[in-house]
Amino acid sequence: MKFLIFLIFFSGNFSFSQKPYRGAEYRTIDEFLYGRFEVRMKTATGSGVVSSFFTIDDYWADGQSSTSNWREIDFEALGNLSNSIQTNIITAYETHHEELISIPFYPYDTFNIYAFEWTPNNIKFFVNDQLVREDENQYVSTHNTSQKIMMNIWQPIWEDWVGEFDDSILPVYAYYDWVKYYSYTPGEGLYGSNYDFSFNWEDNFDYFNNQVWQKATHTWSANNAQFVEQNSVMQDGFLILCLTDNNSYGYSGGDLNIQSLNFVDDLTLSIKPNPFNSSFVLNILNAQQKTACQILLYNIKGHKVFHESEIILNGELNVDLRNEAITSGLYLGVLKLDGANQYFKITYLR
């Protein structure tokens, strides 16, 4: 977290009227010393909004208050940035070691995997299994106390950091598909960049596991949102952290079965024409000479508008929509083939 110099925690009966917005934080009960920490998440969009995945030494819970005890490792998605995500390693006296990581995708459209490896010697950050940052220096060695795993969504006061906030965008959401933890087992592991980690546990967020997690109910002076339990929502196998106004809470974004898919251009597919006005052809690499498949189209609200069983002939599939009652616009496609799904976007013009 950035510049939380005057950090103050409040109890769950905090008066909502003192904060203009409601946010959410999900945190483990236990603390972990070293390991590989992974999340698959779709970050929250909007200037002035931060959504995150991080670990932190919760020294306040131990009755300590001095920032000399601060230890934190962060992925922070700043809603005003379209092609980067912030990493941060915070050490004693809230000393920040921030680095913006350029990423070749728009982070709010799709789920991506963010991970960091924390050992006594280094801290490495990964995006979709690609190493994007590595720190191996004196301040890394000071990260030698246990930390909790946390995720949150909040609205900072610092416009120079996160951009100007317009609350007309509310509600906004950050989506989490799963979290995994691998313990640090040097020389014995099967996972990680140097095989120094052993798989320990995974949560797919099918339900609220109160033996592992807590829903936070605090805030601090630099946060315009009060964390409330109702804004940590489980739905359709996802954890959804919600940022809402002070008169509402919870998730109201609809079904997640389609929103959860990564509708990015699949390199095994090509589409002609796109946009189209009556029919289009999918060219599928490595398809058999004659292959059965299913083709589905969804509108941007996640409603299925087309579903047919088809035959791919010589790597081509012709999709005819002349008799379908659909309107012009962007559609999300799924090709079900050989037990796997391939995704694409296509635009229909009448």
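Per chain, residue numbering runs from 1 following the sequence as it is written. Only residues with pLDDT of at least 70 are given local features in this predicted model, and only at 80 or more are side-chain atom pairs given and counted; all residues enter the totals for whole chains, interfaces and linings. Side-chain metrics in this entry use all non-hydrogen atoms of the structure; hydrogen atoms and water are not considered.

(A) Representation of the side chain of T91. Where helices and strands are cited, they refer to DSSP runs of H or I of at least four residues and of E of at least two residues respectively, numbered from the N terminus. Here T91 shows up in strand 5 (residues 84-91). Assessed through its relative accessible area of 7%, T91 is described here as buried. With residues near it in sequence (within four places) discarded, T91 still touches W70, H97, Y139, T142 and H143. Throughout this description, buried means an accessible area under 20% of the type-specific maximum (1.4 Å probe, protein chains only), exposed means over 50%, and partly exposed covers the range between. Here a residue-residue contact requires only that any non-hydrogen atoms of the pair lie within 4.5 Å.

(B) Quick peek at the pattern of salt bridges. Salt bridges are defined as contacts in which a side-chain nitrogen from Lys or Arg sits within 4 Å of a carboxyl oxygen from Asp or Glu. Taken as a whole, this structure holds 10 salt bridges when the rule is applied. Across the pair R36 and D129 runs a salt bridge, and its minimum N-O distance is 3.7 Å. Placement of the pair is R36 in strand 2 (residues 35-42) and D129 in the loop between strand 8 (123-127) and strand 9 (130-135), with a sequence separation of 93 residues. For R36, a relative accessible area of 6% corresponds to the buried category. One salt-bridge network, held together by shared partners, links E25, R27, D58 and K148.

(C) Spotlight on the confidence of the model for the protein chain. Per-residue confidence for the protein chain averages 88 on the pLDDT scale, and 91% of its residues sit at or above 70. Low pLDDT, under 50, characterises residues 1-16; the predicted model gives this stretch 50 contacts beyond four residues in sequence or across chains. On a scale of 0 to 100, pLDDT captures the predictor's confidence in every residue.

(D) Focus on the packing of aromatic side chains. Any two of the Phe, Tyr and Trp rings considered here, Trp counted by its six-membered ring, make a pair once their centres fall within 6.5 Å; the pair's planes then place it as stacked at under 30 degrees, edge-to-face at over 60, or tilted in between. What the rule picks out here adds up to 36 aromatic pairs. Both rings, one in F276 and one in Y348, keep their centres 5.0 Å apart while their planes meet at 35 degrees; by these two values the pair is tilted. Highlighted residues: F276 in the loop between strand 17 (269-272) and strand 18 (279-284) and Y348 in strand 23 (residues 340-348), separated in sequence by 72 residues. Y348 sits in the buried class, given a relative accessible area of 5%. Distance and angle both matter: a charge sits over a ring if NZ of Lys or CZ of Arg is within 6 Å of the ring centre and within 35 degrees of the ring normal. The ring of F126 has R36 sitting right over it, with the charged end atom 4.9 Å from the ring centre. Positioned over the ring face of F208 is K215, at 4.7 Å from the centre of the ring.

(E) Spatial organisation of unusual backbone geometry. P171 follows L170 through a cis peptide bond whose omega is 0 degrees. Omega for the peptide link from K272 to P273 comes to -15 degrees, which places this bond in the cis form. Within the element layout of this structure, P273 appears in the loop between strand 17 and strand 18. Of note in this structure, Y34 is not a glycine but carries a positive phi near 70 degrees. With respect to the secondary-structure elements, Y34 resides in the loop between strand 1 (21-28) and strand 2.

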